[in-house]
Amino acid sequence: MNEYQHIDLAIWEACKEGDKNAYAHIYKLYYPGLFNYGCKFTADAALVEDSIQEIFVRFWANREKLSAVRELRSYLFVSFRHYLLKLLSQHKRIREDVSATDDYAFELEVSAEQQRMDAEEQQEQILLLAAAMRRLTPRQKEAVFFRFYENMSYEEIAGILNISVKATYKLVARAIIMLRDAYHTQPLLRALLTVTPLALALGSMQLSMMICAQQLPRSL
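Residues numbered from 1 in each chain as written. Predicted model: local features only at pLDDT ≥ 70, side-chain atom pairs only at ≥ 80, totals over all residues. Heavy atoms only, no water.

Trainee: Can you walk me through the overall build of the protein in this structure?
Mentor: Counting secondary structure elements, the protein contains 12 helices and 0 strands. Looking at the protein as a whole, 47% of its 220 residues are labelled buried. By sequence separation, contacts in the protein at least 24 residues apart represent 69% of the contacts at least 6 residues apart. Counting only carbon and sulfur atoms, one obtains 51% of the accessible surface of the protein, whose full area is about 11500 Å². (Helix = DSSP H or I, 4+ residues; strand = E, 2+ residues; numbered from the N terminus. Buried < 20%, exposed > 50% of the residue type's maximum accessible area, 1.4 Å probe, protein only. Contact = heavy atoms within 4.5 Å. Areas by Shrake-Rupley, 256 points an atom, 1.4 Å probe, with all protein chains shown as cover.)

Spelled out as structure tokens, the structure:
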């Protein structure tokens, strides 16, 4: 899980005043998260990189006009998501308008660390988890990604996905239920399940603990 929450205000102000070192700091801080997010939509790494470069070029050009932007991370993810989906539609890889649908790809996968585990019972857990992940809708996957991998608030996620906060809670809650229920059909495996292997599988200790504890996000 990424440790950063928000960019330091002094760096943001310096960037708006034209400080290229501050701009480079912001770029280095957010590039990995944006790239990881973009690769959930497409395996074309070059297209993802081009999209990130483009939104940062626009960001730098318009920095003085962004005085009202309070959540820089959310702004960058919104800009990047919009631009990347537009490029994918131009390449005929998705429909032209997917803003209100689940008609696009977003891959939330079992981590490479978990895939290398050898224990037979853990491999069975991996298969169950992978199958459950595939059943999530793209929006559910995005919501889970932002909440548990990027540690975003429900308000931030709602802004990026252009939905209500209440709908965001529902997306996350339903996704957790589906992942948790993957183990209901295998009581023995569920009993053997520990937080550590599941955390490795999901790449998120917070999500793993929530599933193991059978907890759901508090609704509005």
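Additional details are given in the paragraphs that follow.
Trainee: Would you mind going over the pattern of salt bridges with me for this structure?
Mentor: It is possible for side chains bearing opposite charge to pair when their charged atoms get close. Summed over the entire model, instances satisfying the criterion amount to 4 salt bridges. Glu54 is the salt-bridge partner of Arg58, the closest N and O atoms lying 2.8 Å from each other. Of the two residues, Arg58 and Glu54 both sit in helix 3 (residues 45-61), 4 residues apart, roughly one turn of that helix. (Salt bridge = Lys/Arg side-chain N within 4 Å of Asp/Glu carboxyl O.)

Trainee: In this structure, what is going on with unusual backbone geometry? I would like to understand it.
Mentor: Most peptide bonds adopt trans geometry, and most residues besides glycine take a negative phi value. The backbone phi angle of Asn151 is positive, close to 55 degrees, even though this residue is not glycine. Positionally, Asn151 belongs in the loop between helix 7 (138-149) and helix 8 (154-161). Here Asn151 falls in the partly exposed class, since its relative accessible area comes to 21%. Of note in the backbone geometry, Asn162 takes a positive phi value of approximately 60 degrees without being a glycine. Examined against the element boundaries, Asn162 turns out to sit in the loop between helix 8 and helix 9 (165-181).

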